[in-house]
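Notes for the structure review
What follows is the residue order along each chain.
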Amino acid sequence: MDEFRIDVPQHELDELDRRIAGTRWSADPPGTGWERGVPQDYLQRLAEYWRTEFDWRAAEAELNRCPQFRTEIDGERVHFLHVRSPEPAATPLLLTHGWPSSAAEFLDVIGPLTDPVAHGGRASEAFHLVIPSIPGYGFSGPLRHHGWNIPRTARAWAALMSELGYERYLAQGGDFGSFVSLELGRIDPEHVLGVHTSLLLTVPSGTPGELDGLSEQDLGRLAQLGKFEADGSAYMKVMMTRPRTSAHAFTDSPVGLLAWIVERYREWTSPASDLDQAIDIDRLLTTVSTYWFTGTVASSAQFYYEDVQLKRQAPAVDGPITVPVAVAVFPDDCFAPIRRLADRDIPTITQWSEFDRGGHFPALEVPHHYLADVRAFAKSLRPVAND
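Residues numbered from 1 in each chain as written. Predicted model: local features only at pLDDT ≥ 70, side-chain atom pairs only at ≥ 80, totals over all residues. Heavy atoms only, no water.

Looking at unusual backbone geometry
Which entries qualify depends on this criterion: Going along the chain from the N terminus, every DSSP run of H or I of four or more residues is numbered as a helix, and every run of E of two or more is numbered as a strand.
The amide bond that connects Trp99 to the next residue, Pro100, takes the cis arrangement and shows omega of 0°. With respect to the helices and strands, Pro100 occurs in the loop between strand E4 (91–96) and helix H4 (107–114). The peptide bond linking Gly141 to Pro142 adopts the cis configuration, its omega dihedral lying at -5°. In this fold, Pro142 is placed in the loop between strand E5 (127–132) and helix H5 (150–163). Backbone geometry at Asp74 places phi at a positive 50°, although glycine is not the residue there.

Comments concerning the packing of aromatic side chains
Counted only if it meets this: Aromatic rings from Phe, Tyr and Trp, taking only the six-membered ring of Trp, are treated as a pair when their centres fall within 6.5 Å; an angle between ring planes under 30 degrees marks them as stacked, one over 60 as edge-to-face, and anything in between as tilted. Exposure categories follow from relative accessible area, calculated using a 1.4 Å probe and restricted to protein chains: below 20% of the type maximum is buried, above 50% is exposed, and the middle band is partly exposed. Charge-over-ring contacts are defined here by two conditions on Lys NZ or Arg CZ: a distance within 6 Å of the ring centre and an angle within 35 degrees of the ring normal.
Here the structure, examined in full by the defined rule, presents 20 aromatic pairs. Look at Phe176 and Phe303: their rings are 4.7 Å apart centre to centre, the planes differ by 80°, and that puts the pair in the edge-to-face class. On the criterion of sequence distance, the pair formed by Phe176 in helix H6 (residues 176–187) and Phe303 in helix H13 (residues 297–313) is long-range, its members being 127 residues apart. Judged by its relative accessible area of 6%, Phe176 is buried. Judged by centre distance (5.6 Å) and plane angle (70°), the rings of Tyr235 and Trp268 are edge-to-face. Of this pair, Tyr235 sits in helix H8 (residues 234–241) while Trp268 sits in helix H10 (residues 254–268); the two residues are 33 residues apart in sequence, bridging distant segments of the chain. Under the relative-accessibility criterion, Trp268 is labelled buried at 1%. Geometry around Trp34 places Arg266 over its ring, the cationic atom sitting 4.1 Å from the centre.

Considerations on the nonpolar core
What counts is decided by this rule: Residues belong to a common nonpolar core when they are buried Ala, Val, Leu, Ile, Met, Phe, Trp, Tyr or Cys residues joined through side-chain atoms within 4.5 Å. The contact definition used throughout considers only heavy atoms, calling two residues in contact when any of these lie within 4.5 Å.
Grouped together as the largest cluster of nonpolar side chains are 112 residues, with contacts concentrated most on Trp99, Leu113, Leu129, Leu184, Tyr235 and Leu284. With 9 residues, H10 is the largest single contributor of residues to this core. Look past the residues within four positions of Leu113 in its chain and what remains in contact with it is Leu93, Leu95, Glu125, Ala126, Phe127, Leu129, Tyr370, Leu371 and Val374.

As for the packing of H8 against H13
As a reminder, the rule being used: Every axis corresponds to a line fitted to the C-alpha atoms, with the helix fit spanning only the stretch in contact, and the corresponding angles, defined between N-to-C directions, vary from 0 to 180 degrees. Here is the rule for angles: anything less than 35 degrees is roughly parallel, anything more than 145 is roughly antiparallel, 65 through 115 is roughly perpendicular, and the remaining ranges are oblique. Note on residue categories: nonpolar means Ala, Val, Leu, Ile, Met, Phe, Trp, Tyr, Cys or Pro, charged means Asp, Glu, Lys or Arg, and polar means any other residue, Gly included.
At their nearest, the axes of H8 and H13 sit 7 Å apart, and the two run at 70° to each other. Taken as axis vectors, H8 and H13 run roughly perpendicular relative to one another. For the pair H8 and H13, the contacting residues are Tyr235, Met236, Met239, Met240 and Thr241 in the first and Ala301, Tyr304, Tyr305 and Val308 in the second. When its residues are assigned to classes, the contact of H8 with H13 shows 8 nonpolar, 1 polar and no charged.

As structure tokens, this is what we get:
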């Protein structure tokens, strides 16, 4: 295990500036908006902001204030932030991002989670944080080998936490991080205290009567999932089937990469009509810049392809998840789950929280809700005497 510090060479920043300035723009059809994809006028403004106002060196310095490391696990290089709390009795917490995200998604909650007293909280709410980059993403990439899917990543996280000396810990994630965290809880219940997820995919099985008596809210969530499948899943199908083809374009064009990623954030955040109001755009550009400087848009896309290959092989499942699970539901996430179907799939759900706002990236969008829910789940698992 080696200490790590981000230090992008200046010539790479200069090259990014040159490429954005020299973009060959495509003209929009008259009278169109977001319904056909990212509009040119919006993308031009955002790209110009990225080139002339966004400060990568400030973002780099903020990330470097967090202790970072690289280690070798199962033949792959794994990058992670390891931020220990000043509270000696803090609970270890493993946070996993998804796609198209990075460890920067959690920057706004690192301080409150590790040092709650300094942020108006209690010492008993403190966590030691481990925030890895999924193999093939950011500074854990590019990949050296094929086969990195959800189960393999979960096994890598179990090995990482063991290497760090954590005997018992919580796991939390959204997007792919949710699937990885749940799989980690399933395969390593001796060490995982519980799993908190901000995404739980609940898909009808087709069993007769399964959907009888669903509430209006749940029917709306089914419709939302159906709309995503029909009108919002093109990016996913491309990466599930031909991840290399699009990756050539996005590895060569920073504006192409920006469009590919910003569309996901706009469609998955709240309010979807105004991304600037939903999240800090500099946080988004930190993540986009990380993909650009590390050249990992191609290897990150492999995660989708490997997931499909795994399902086609139909491997045997060793058993259900047995550790406690918390589900945080944010209404503007197109994957908002249905409780009845969730209980069918995971009988160990002990905390179910419905929030009035927020979408796919709660640590960015509604950090106060995110923090409160993670803390409540951790408290529910602690002996009363320790609180």
